Amino acid sequence: MEVITAMKKKKTRLIVRKGNENVVLKVEDIAFIYRDNTIIVAVDKDEKKYLCDKNLSALEEELDPGIFFRANRKYLLNIHYIRSYKSFEKVKLDVFFSHTTSPPSIIVSQETAPFFRKWMYEE
């Protein structure tokens, strides 16, 4: 008997909410996702904000790890919208987006910084 292990297919779109409307949002258009207290917000390339029904850990499992990175407890980042990063307090990283208004930057923790650097160099 042949055993086939199928990798779980990663999402190409999310169903999010804008007001009382359910919106189909392409994953490639999501710049970052963040937690604001108990609310999960997806921000698209045009800086529009949408509410997500899933928590960050569930989204992290569903999204392609080659494109999305869990920077800290609050943020999932899309590599296509990262403009630059620099060292911060010697061991952390300060990540800047191509967006200008929000967020100005995101701090990647000391524990996560080496994984972030490796992720940035992978193709």
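Our subject is the structure listed above.
Residues numbered from 1 in each chain as written. Predicted model: local features only at pLDDT ≥ 70, side-chain atom pairs only at ≥ 80, totals over all residues. Heavy atoms only, no water.

A. Quick look at the side chain of aspartate 44. Mapped onto the secondary structure, aspartate 44 falls in strand S4 (residues 39–44). At 5.2 Å, lysine 48 is the nearest oppositely charged side chain to aspartate 44, a buried residue that forms no salt bridge. At 2.8 Å, the side chain of aspartate 44 forms a polar contact with the backbone nitrogen of lysine 48. One polar contact links aspartate 44 to tyrosine 50, side chain to side chain, over a distance of 3.2 Å. (Helix = DSSP H or I, 4+ residues; strand = E, 2+ residues; numbered from the N terminus. Buried < 20%, exposed > 50% of the residue type's maximum accessible area, 1.4 Å probe, protein only. Lys, Arg positive; Asp, Glu negative; His and termini not counted. Salt bridge = Lys/Arg side-chain N within 4 Å of Asp/Glu carboxyl O. Polar contact = N/O pair within 3.5 Å; in protein donor to acceptor, adjacent residues only side chain to side chain.)

B. Highlighting the environment of isoleucine 15. Considering the arrangement of structural elements, one finds isoleucine 15 in strand S1 (residues 13–18). Setting aside anything within four residues of it in sequence, one finds isoleucine 15 in contact with Asn22, Val23 and Val24. (Contact = heavy atoms within 4.5 Å.)

C. Highlighting the environment of lysine 49. On the secondary structure map, lysine 49 appears in strand S5 (residues 49–52). Distance in space between the C-alpha atoms of lysine 49 and arginine 17 is 9.0 Å, their sequence separation being 32 residues. For lysine 49, the residues in contact, after removing those within four places along its chain, are Lys18, Tyr34, Val41, Ala42 and Val43.

D. Here's a closer look at the pattern of salt bridges. Throughout the structure, instances matching the rule amount to five salt bridges. Here lysine 45 makes a salt bridge to aspartate 29, at a shortest N to O gap of 3.4 Å. Placement of lysine 45 in the loop between S4 and S5 and of aspartate 29 in the loop between strand S2 (21–26) and strand S3 (30–36) is noted, with a sequence separation of 16 residues between them. The class for lysine 45 is partly exposed, based on a relative accessible area of 43%. You can call aspartate 29 buried: its relative accessible area is 18%.

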